[in-house]
Amino acid sequence: MVTRQTKKGTVLLVRIQPGARRNAVVGFIGDRVKIAVQATATEGKANRAVEDFVAQLLSIPTRSVQIVSGTTTRDKSILIEGKAEEDVRSTMMELGLAK
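Note that this is a predicted model, so its numbers are computed, not measured.

Visitor: Before we go on, may I ask you to explain the overall build of the chain in this structure?
Guide: Helices and strands together make up the secondary structure of the chain, namely 2 helices and 6 strands. Listed by position from the N terminus, the elements making up the chain come as β-β-β-β-α-β-β-α. In terms of overall size, the chain behaves like a compact globule, its C-alpha atoms giving a radius of gyration of 12 Å where 99 residues would be expected to give roughly 13 Å. Taking the principal axes of the C-alpha coordinates as reference, the chain spans close to 30 × 30 × 25 Å. Looking at the chain residue by residue over its 99 residues, the buried ones come to 40%. Look at the contacts in the chain between residues 6 or more apart in sequence, and 43% of them connect residues 24 or more apart. For the chain, the accessible surface area stands at approximately 5700 Å², while carbon and sulfur atoms represent 47% of it. Charged side chains in the chain number 16 positive and 10 negative. The centres of these two groups are separated by 6 Å.

Visitor: When you look at the environment of Ser 77 in this model, what are you seeing that I'm missing?
Guide: By secondary structure assignment, the location of Ser 77 is in strand 6 (residues 75-80). As a C-alpha pair, Ser 77 and Leu 13 span 64 residues in sequence and 4.8 Å in three-dimensional space. Sequence-distant contacts of Ser 77, defined by excluding residues within four places in its chain, comprise Val 11, Leu 12, Leu 13, Gln 66, Ile 67, Val 68 and Ser 69.

How each quantity is defined
- Residues numbered from 1 in each chain as written.
- Predicted model: local features only at pLDDT ≥ 70, side-chain atom pairs only at ≥ 80, totals over all residues.
- Heavy atoms only, no water.
- Helix = DSSP H or I, 4+ residues; strand = E, 2+ residues; numbered from the N terminus.
- Rg over C-alpha atoms; globule rule 2.2 N^0.38 Å.
- Buried < 20%, exposed > 50% of the residue type's maximum accessible area, 1.4 Å probe, protein only.
- Contact = heavy atoms within 4.5 Å.
- Areas by Shrake-Rupley, 256 points an atom, 1.4 Å probe, with all protein chains shown as cover.
- Lys, Arg positive; Asp, Glu negative; His and termini not counted.
- Charge placed at Lys NZ, Arg CZ, Asp CG, Glu CD.

Rendered as structure tokens:
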């Protein structure tokens, strides 16, 4: 279950790999999308980078993407406003499977 619908929007479950060579969706780990980001996991840099990257992937403003849990761990829940759950899920599935 990569996503779930809430009253506020779609929640995307991710596992972050900070300090990567490039920003990319690299696959799946259990029920989470694995996302690599170049930013390091210091002072919230990786969190901001993943919010920016997810917004870019979904073609929505960064303000529509917010980490709602897991700010200090690699496993995060990201709230996405303004995109249907099916749109988010299909985009992540396409990117995660097209390595």
